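Observations on the model geometry
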Amino acid sequence: MDENQQVSEPEEFVMSTVTGIHHVTCIAGDPQENVDFYTGVLGMRLVKKSVNQDVPDTYHLFYADGEAHPGADLTFFPWPTLPPVQKGVGLAVEVSLAIPKGSLEYWEDRLATAGVNSQEREVRHGEQAIRLSDPHGLELALVETADEREFTPWSQSPVPAPHQIRGLHAVRLWERDVAETASFLVETLGFAMVGEENGWRRYGINGGGSGRHLDIRPMPNESRGSWGTGGIHHVAWRVPDDAAELAVRERISAAKRRPTEVIDRFWFKSVYFLEPGGVLFEIATDGPGFTVDEDLATLGEHLVLPPWLEPHRREIEDALPPLAVRV
Ligand code: ZN
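Residues numbered from 1 in each chain as written. Predicted model: local features only at pLDDT ≥ 70, side-chain atom pairs only at ≥ 80, totals over all residues. Heavy atoms only, no water.

**Concerning the packing of aromatic side chains**
Under the definition given, this model contains 15 aromatic pairs. Ring geometry for Phe-266 versus Trp-308: centroids 6.0 Å apart, planes at 40 degrees, classification tilted. With a gap of 42 residues between them, Phe-266 in the loop between β14 (263-264) and β15 (269-274) and Trp-308 in the loop between β16 (280-285) and α6 (313-319) connect regions that are remote in the sequence. By relative accessible area, Trp-308 is classed as partly exposed at 46%. Ring pairs connect the aromatic residues Phe-184, Phe-191, Trp-237, Phe-273 and Phe-281, which therefore count as one cluster. (Phe/Tyr/Trp six-rings, centres within 6.5 Å; stacked < 30°, edge-to-face > 60°. Helix = DSSP H or I, 4+ residues; strand = E, 2+ residues; numbered from the N terminus. Buried < 20%, exposed > 50% of the residue type's maximum accessible area, 1.4 Å probe, protein only.)

Structure (structure tokens):
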């Protein structure tokens, strides 16, 4: 065959793109302080209490909306003994959370009452936002959006339903060389550039919007960042099902990003790889979701272990610090 005729299938390209942010995983300090902040102050629901599958003497905590929709899920490995994150290129440096339009004033009052340090309002691509840090230094933003989100309020949240966090809005990355990451996002994952503002370049899926974009800042003179408490461990992107995941994995492999095999995380199936700038990315399926091993009504109340760790439940539970949702 004439090799000049080997062109990629347009149909495959359309089918094998990600659809938005699935979850973001961060590194926390003390686990009880983490639970108190995300459930008590931000009013999110603890939807899964598990362990780090590679380091089972540490928790893996998941917060989301009332029904744990994909795209709503912020997760933490509490590792109090790690040094603080060293912010730098090759890391995600901020997670923003979507709040309903008109609720920023409520949140400013709530954060002030809780003694949380937050910054002056700013406008990002026409949306009102405030920046804040969690108790372990993780940089967050609350961004008002009118975009449609899959969302179910959490009935036991201390935050009234009309003001509750709707899900993950966006992530911000620092990169030494934006060009390589940009072409990977566009050619392999299906993003398009949607704008640039105040030094941040915005890339979006399907035109962007809440939960479907990321911002990249070129920082050519900044040194490489490293993981620590208050840092972001990885960013996971949604795919609707196993077939889409395999198709995206093929494209990542063809782009020489050396993706892992598909790993079954029970609540979703995952593939990990480093994007060209060094940020750890994951592809995760929308299903089966957090109700696969617990009832919706009692999500997050009991420690859930993967089957191979179940025989060691007693030792694992004894080694973990006690943890309570104190809303
Ligand atoms: Zn993940």
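The rest of the description comes next.
**So, the pairing of strand β10 (residues 192-197)**
Where β10 lies against strand β11 (residues 200-204), five bridges are found, and the strand directions are antiparallel. Looking at the pairing, Glu-197 lines up with Trp-200 of β11. Connecting the antiparallel pair β10 and β11 is a turn made up of two residues, with Asn-198 showing a positive phi of about 50 degrees. (Pairing = 2+ DSSP bridges.)

**Let's talk about the pattern of salt bridges**
It is possible for side chains of opposite charge to pair when their charged atoms get near one another. Counted under the stated rule, the structure contains 18 salt bridges. Asp-293 serves as the salt-bridge partner of Lys-48, at 2.6 Å between the closest nitrogen and oxygen. One end of the pair, Lys-48, is in strand β2 (residues 45-52); the other, Asp-293, is in the loop between β16 and α6, with 245 residues separating them in the sequence. Across the pair Arg-201 and Glu-196 runs a salt bridge whose closest N-O atoms are separated by 3.7 Å. The class for Arg-201 is partly exposed, based on a relative accessible area of 27%. One continuous salt-bridge network, built from bridges that share partners, spans Glu-94, Glu-122, Arg-124, Arg-131, Arg-172, Arg-202 and Asp-215. (Salt bridge = Lys/Arg side-chain N within 4 Å of Asp/Glu carboxyl O.)

**Thoughts on the layout of surface pockets**
Estimated volume of the largest pocket: approximately 310 Å³. Surrounding the largest pocket, 21 residues form its lining, Asp-54, Phe-77, His-234, Arg-265 and Tyr-272 being those nearest its centre. If you list the elements that add at least two residues to the lining of the largest pocket, you get β1 (21-28), β2, β3 (55-64), β13 (232-239) and β16. For the lining of the largest pocket, the element with the most residues is β3, which contributes three residues. Its residues assigned to classes, the lining of the largest pocket shows ten nonpolar, eight polar and three charged. (1 Å grid on protein atoms, 1.4 Å probe; cavity = no way out; pocket = protein on both sides within 12 Å on 5 of 7 lines; lining within 4 Å. Points joined across faces, edges and corners; volume = space filled by probe spheres on them. Nonpolar A, V, L, I, M, F, W, Y, C, P; charged D, E, K, R; others polar.)

**Concerning the coordination of the zinc ion**
The zinc ion binds to the protein through His-23 (NE2), His-234 (NE2) and Glu-282 (OE); the donor distances cover 1.9 to 2.1 Å. Between consecutive donors of the zinc ion, the numbers of intervening residues give the motif H-x210-H-x47-E. Placement of His-23 in strand β1 and of His-234 in strand β13 is noted, with a sequence separation of 211 residues between them. With relative accessibility at 2%, the residue His-23 sits in the buried group. Owing to a relative accessible area of 5%, His-234 belongs among the buried residues under this scheme. (Donors = N, O, S within 2.8 Å, 3.2 Å for Na, K, Ca; no water.)

**A short note on the sheet that holds β3**
Strand order in the open sheet made by the eight strands is β2-β3-β4-β1-β13-β16-β15-β14, with mixed pairing throughout. Two strands lie at the open edges of the sheet, namely β2 and β14, each paired on one side alone. Pairing analysis gives three bridges linking β3 to strand β4 (residues 73-78), with the strands arranged antiparallel. Looking at β4, one finds that Leu-61 is bridged to Phe-76. Along the sheet, helix α2 (residues 31-41) makes contact with β1, β2, β3 and β4, crossing β3 at roughly 5 degrees. (Contact = heavy atoms within 4.5 Å. Axes fitted to C-alpha atoms, helices over the stretch in contact; angles between N-to-C directions.)

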